[in-house]
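Listed below are the residues making up each chain.
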Amino acid sequence: MQDQYDVIVLGTGLSECILSGLLSVEGKKVLQMDRNDYYGGASASLKLSQLYAKFKSGTEPPEAYGKDRQYSVDLIPKFAMASGEFVDILYHTDVTRYLEFRQVAGSFVYRDGKISKVPSNNAEALLSPLMSLTEKNRAKGFFEFIQNYDFANPATQQGLDLNTVPMSEVYAKFGLEAGTQDFIGHALALHLDDSYMSQPAKDTYERICLYMNSMARYGKSPYIYPMHGLGELPQGFARLSAIHGGTFMLNKPVDEVVYDEAGKFVGVKSEGEVVKASLVIGDASYFPSKVAQKGQVVRAICLLNHPIPETGDADSVQIVIPQNQIGRNHDIYVAGVSSAHAVVPEGYTLAIVSTLVSGTTADAESEIAAGIALLGPVLEKFVHIDDIYEPLANGTADQTFISKSYDATSHFETTCADVKDLYKRITGHELKVEGKVKKIEEESEE
């Protein structure tokens, strides 16, 4: 281990590995350390034996469940929007050369006590039980408004300036029923709760456009997911960093993050040795005094020996349960994947149910009960509660840049927003993801 680097990165979570890769490509000398002996941190994918060791210590997985190497279980479930910024970053960095993605088979929403498929084309929309025929006509007018809206052309705006009017006013303009508002706001725009209703409609407009553009890209659903689980993503960006000179150390304890008398970052002490750098990046677990808890997420990892009921035996799904449908303060998300994505043996399904905690942690599991009830018989269930942390400062004063914890959303867009914000604070300029970065072999040919 050398004495001086440009950047030290603590942790190998997705956010940290993306930044490590991007900065290495730009010529920064990067050292990345993780106290764990595996990549991914909080966003890791574990073998079945590792899952039991983490949540059911002292218990061995039954042999009937198959070989350990056939499992790759995400601790935090996330799908990628096919036309989202995360996919743009994958393309820009060419990390896709290390990964294989497969489409998620279906997107579903829970309404009036049952699961319904989110329509992926006009034919499905006409047959969908989500809306009556009259309501479908009103919704058609709404979606035509969204598709034709031009912020620079008042003639397309029907008197609604989406920069200022709240989303509730847009719904009222088209006379949409409460259930349709739930479907649009939570299954399409993927809002966590109803606070968006009183906020300017532009954000919801952009979210709906992202969903529709992602759906149009491949059909069936707007989501894609990597073969062998999400743990492949941090490793892909780690490879990118290594190709460009980055240094990685797993199973490396961090004894102390060292600051000078003025409180500015100096280096990291590990096993009695201090390595120095100009700045440090890391997840909240490495900086307990510099973060604040902003909430909690409860997740249940469930192993099934059948597809999730009422999904047409789909091999992979997302189900959104809007808060109003079950009388909660936050939506519940169900992510289902199977052997089609090489994360469990054939014949098994991995379903992960998650939501923000709104009550006491002692009763947190009851907050996802409505999601677990949709799964049918469950072979094994691993429930965990994770604190959500955010940095107390933006990092520019002490050169300590801390990523936000992963939230309950089922996609990567919030993570991308945090990465882009961190990148701007670290480098002083916006992250541009146009075209692809040059490979080392391409640079050597010039």
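The structure presented is a predicted model; accordingly, all values stated were derived computationally and were not measured.

Even after reading the chapter, I still don't get the overall build of the protein chain, so can you show me in this structure?
Regarding its fold elements, the protein chain presents 13 helices and 19 strands. Relative to a compact globule of 446 residues, whose C-alpha radius of gyration would be 22 Å, the protein chain shows 23 Å and is just as compact. With the principal axes as the frame, the protein chain shows a C-alpha extent of 70 × 60 × 50 Å. Per-residue burial over the protein chain gives 52% buried out of 446 residues.

Even after reading the chapter, I still don't get helix H1 (residues 14–25), so can you show me in this structure?
Since the α-helix turns once every 3.6 residues, residues separated by three or four places project in the same direction. For H1, which comprises twelve residues, the first-to-last C-alpha distance of 17 Å matches the rise-based estimate of 16 Å (1.5 Å per residue) to within 8%. Counting buried residues along H1, eleven of its twelve residues qualify, which places the element largely inside the surrounding structure. Considered for burial, the residues of H1 that qualify are Leu14, Ser15, Glu16, Cys17, Ile18, Leu19, Ser20, Gly21, Leu22, Leu23 and Ser24. A positive backbone phi angle near 95 degrees is found at Gly27, which sits one or two residues after H1.

Just to check I follow, could you spell out unusual backbone geometry for this structure?
Non-glycine residue Leu190 carries a positive phi angle of around 60 degrees. Within the fold, Leu190 resides in the loop between helix H7 (178–188) and helix H8 (202–218). Its relative accessible area of 3% is what places Leu190 among the buried residues. Of note, Asp313 is a non-glycine position whose phi angle comes to about 55 degrees, a positive value. With respect to the helices and strands, the residue Asp313 is situated in the loop between strand S14 (291–304) and strand S15 (317–321). With relative accessibility at 61%, the residue Asp313 sits in the exposed group.

Quick question: what am I supposed to make of the pairing of strand S11 (residues 256–259) here?
For a regular strand, side-chain orientation follows a simple rule: the groups alternate between the two sheet faces. For S11 and strand S12 (residues 265–270), the ladder comprises four bridges, and the chain directions are antiparallel. Paired with Val257 across the two strands is Val268, which belongs to S12. Hairpin remark: S11 followed by S12, antiparallel, with five residues in the connecting loop; positive phi at Gly263, about 85 degrees.

Is there a simple way to think about the sheet that holds S14 in this case?
Two pairing modes exist for strands in a sheet, parallel and antiparallel, and in both the strands are linked by backbone hydrogen bonds. Here we have seven strands laid out as an open sheet, ordered S8-S7-S15-S16-S17-S14-S18, and mixed in their pairing. The strands lining the two open edges of the sheet, one partner per strand, are strand S8 (114–117) and strand S18 (380–391). Neighbour-to-neighbour, the strand axes of the sheet open up by a mean angle of 25 degrees, direction not taken into account. Taken together, the five bridges between S15 and strand S16 (residues 332–338) define a ladder with antiparallel strand orientation. Opposite Ile319, over in S16, you have Val334 as the bridge partner. Packed onto the sheet, H7 meets strand S7 (106–111) and S15 and runs at close to 140 degrees relative to S7.

Explain the side chain of Ser45 to me, please; I cannot follow it from the model alone.
Take Ser45: it is sitting in strand S3 (residues 45–46). Exposure remark for Ser45: the relative accessible area of 18% places this residue in the buried category. Only 3.3 Å separates the side chain of Ser45 from the backbone nitrogen of Leu230, close enough to count as a polar contact. Excluding its chain neighbours within four sequence positions, the residues that come into contact with Ser45 are Gln50, Ser72, Val73, Asp74, Gly229, Leu230 and Gly231.

Please explain the packing of aromatic side chains as it appears in this structure.
Two descriptors summarise a pair of aromatic rings, namely the distance from one centre to the other and the angle between the planes of the rings. This model, assessed by the stated rule, comprises 18 aromatic pairs. A ring pair is formed by Phe55 and Phe382, whose centres lie 6.3 Å apart and whose planes are at 45 degrees; its orientation type is tilted. Here Phe55 is found in helix H2 (residues 48–55), whereas its partner Phe382 is found in strand S18, with 327 residues between them in sequence. Ring centres of Tyr259 and Phe265 lie 6.2 Å apart, and the angle between their planes is 75 degrees; this geometry places the pair in the edge-to-face category. We classify Tyr259 as partly exposed; its relative accessible area is 25%. Looking at Phe265, the relative accessible area reads 4%, which means it is buried. Each residue in the set Phe142, Phe143, Phe145, Tyr149, Phe151, Tyr171, Phe174, Tyr196 and Tyr205 is aromatic and connected to the rest through ring pairs, giving one cluster.

Sorry if this is basic, but what is going on with the confidence of the model for the protein chain here?
Averaged over all residues, the pLDDT of the protein chain equals 91, while 96% of them reach at least 70. Averaged pLDDT values over the elements of the protein chain bottom out at 42 in helix H13 (residues 440–445) and peak at 98 in strand S19 (residues 400–402). Predicted confidence is poor over residues 439–446, with pLDDT under 50, and the contacts of this stretch with residues over four places away or in other chains come to seven contacts.

Help me out: how do you make sense of the pattern of salt bridges in this one?
Note on pairing: side chains with opposite charge can pair once their charged atoms come close. All chains considered together, the criterion is met by 17 salt bridges. The shortest N-O distance in the salt bridge between Glu135 and Arg138 comes to 2.7 Å. Here Arg138 and Glu135 lie together in helix H5 (residues 133–148), a separation of three residues that amounts to about one turn. The class for Glu135 is buried, based on a relative accessible area of 0%. Overall, the relative accessible area of 29% leaves Arg138 in the partly exposed class. Here Glu365 makes a salt bridge to Lys381, at a shortest N to O gap of 2.7 Å.

Just checking my understanding: could you explain helix H6 (residues 167–174) for this structure?
Looking at H6, one finds that the buried residues are Met167, Val170, Tyr171 and Phe174. One face of H6 carries all of its buried residues, which in axial projection span an arc of 100 degrees. Against H5, H7 and H8 lie the buried residues of H6.

Rules of the game
- Residues numbered from 1 in each chain as written.
- Predicted model: local features only at pLDDT ≥ 70, side-chain atom pairs only at ≥ 80, totals over all residues.
- Heavy atoms only, no water.
- Helix = DSSP H or I, 4+ residues; strand = E, 2+ residues; numbered from the N terminus.
- Rg over C-alpha atoms; globule rule 2.2 N^0.38 Å.
- Buried < 20%, exposed > 50% of the residue type's maximum accessible area, 1.4 Å probe, protein only.
- Expected span 1.5 Å × (residues − 1).
- Pairing = 2+ DSSP bridges.
- Axes fitted to C-alpha atoms, helices over the stretch in contact; angles between N-to-C directions.
- Contact = heavy atoms within 4.5 Å.
- Polar contact = N/O pair within 3.5 Å; in protein donor to acceptor, adjacent residues only side chain to side chain.
- Phe/Tyr/Trp six-rings, centres within 6.5 Å; stacked < 30°, edge-to-face > 60°.
- pLDDT = per-residue confidence, 0-100.
- Salt bridge = Lys/Arg side-chain N within 4 Å of Asp/Glu carboxyl O.
- Arc of directions from axis to C-beta.

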